[in-house]
Amino acid sequence: MSIDKKRVQFRAPNRLIDRADALAAVLGEDRTDVLVTALREYLQDAAHDDALTQEIAEAYYDDEITSEQLKALVGAEEAANLRVLKQQLDEDFIDEVADA
């Protein structure tokens, strides 16, 4: 199974990279594997953080992120729930404006 990959480059504090290198040596992996694992776990944990999920939802409601980005951040089921809620909120807004 082939997984598409994207090259990224970033700057990080020397101490953080030194720690990643040390862990990679202990595990017999390379730095990239350690950083990818750490990022994957962070994003997984973030998807289950209620406060962060609320921020993600607000960004989606404000059209700051797409539905595909929403799905990537919170998973398909939660994204579907948030899309339905956004649609309901939009319909309620339209109804309020029409009644005004």
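What counts and what doesn't
- Residues numbered from 1 in each chain as written.
- Predicted model: local features only at pLDDT ≥ 70, side-chain atom pairs only at ≥ 80, totals over all residues.
- Heavy atoms only, no water.
- Helix = DSSP H or I, 4+ residues; strand = E, 2+ residues; numbered from the N terminus.
- Buried < 20%, exposed > 50% of the residue type's maximum accessible area, 1.4 Å probe, protein only.
- Contact = heavy atoms within 4.5 Å.
- Expected span 1.5 Å × (residues − 1).
- Arc of directions from axis to C-beta.
- Phe/Tyr/Trp six-rings, centres within 6.5 Å; stacked < 30°, edge-to-face > 60°.
- Lys NZ or Arg CZ within 6 Å of the ring centre and 35° of its normal.
- Patch = residues over 30% accessible without salt bridge, like charges linked within 9 Å, V, L, I, M, F, W, Y side chains within 5 Å.
- Areas by Shrake-Rupley, 256 points an atom, 1.4 Å probe, with all protein chains shown as cover.
- Salt bridge = Lys/Arg side-chain N within 4 Å of Asp/Glu carboxyl O.
- Axes fitted to C-alpha atoms, helices over the stretch in contact; angles between N-to-C directions.
- Parallel < 35°, antiparallel > 145°, perpendicular 65-115°, else oblique.
- Nonpolar A, V, L, I, M, F, W, Y, C, P; charged D, E, K, R; others polar.

(A) Up close: the overall build of the protein. Helix and strand counts for the protein come out as five helices and zero strands. Counting from the amino terminus, helix and strand elements in the protein follow one another as α-α-α-α-α. Taking all 100 residues of the protein together, the buried fraction comes to 16%. In the protein, once contacts between residues fewer than 6 apart in sequence are set aside, the share between residues at least 24 apart is 22%.

(B) The arrangement of helix α1 (residues 14-27) in detail. Helix length check: α1, at 14 residues, gives a terminal C-alpha distance of 20 Å against a target of 20 Å (1.5 Å per residue), a fit within 8%. The complete set of buried residues in α1 reads Ile 17, Ala 20 and Ala 24. Buried residues of α1, seen end-on, are gathered within an arc of 60° and therefore sit on one face of the element. Residues of α1 that are exposed and angled more than 90 degrees away from the buried face: Asn 14, Arg 15, Arg 19, Ala 25 and Val 26. Buried residues belonging to α1 abut α2 (31-47). Two residues or fewer after α1 comes Gly 28, characterised by a positive phi angle close to 70°.

(C) Broad picture of the packing of aromatic side chains. As enumerated under the stated definition, the model contains one aromatic pair in all. Centre to centre, the rings of Tyr 60 and Tyr 61 are 6.2 Å apart; their planes meet at 55°, and the pair counts as tilted. Here the guanidinium or amino end of Lys 86 rests over the ring plane of Tyr 60, the centre of that ring lying 4.6 Å away.

(D) Layout of a nonpolar patch on the surface. Side chains of Leu 39, Tyr 42, Leu 43 and Leu 73 sit close together on the surface and give an oily, nonpolar patch of about 400 Å² of accessible area. No other element matches the three residues that α2 contributes to the nonpolar patch. Mapped onto the elements of the fold, Tyr 42 is located in helix α2. When its relative accessible area of 55% is taken as the criterion, Tyr 42 is described as exposed.

(E) Representation of the side chain of Thr 53 within the structure. Mapped onto the elements of the fold, Thr 53 is located in helix α3 (residues 50-61). On the basis of relative accessibility, which here comes to 13%, the residue Thr 53 falls in the buried class. Discounting chain neighbours no more than four positions away, the residues touching Thr 53 are Ala 46, Ala 47, Val 74 and Glu 78.

(F) A look at the packing of α1 against α2. Between α1 and α2, the least distance of the axes is 8 Å, while the angle of their chain directions is 110°. Comparing their axes, α2 and α1 come out roughly perpendicular. Side by side, α1 and α2 meet where Ile 17, Ala 20, Asp 21, Leu 23 and Ala 24 of the first sit next to Arg 31, Val 34 and Leu 35 of the second. Tallied by class, residues from the contact of α1 with α2 come to six nonpolar, no polar and two charged.

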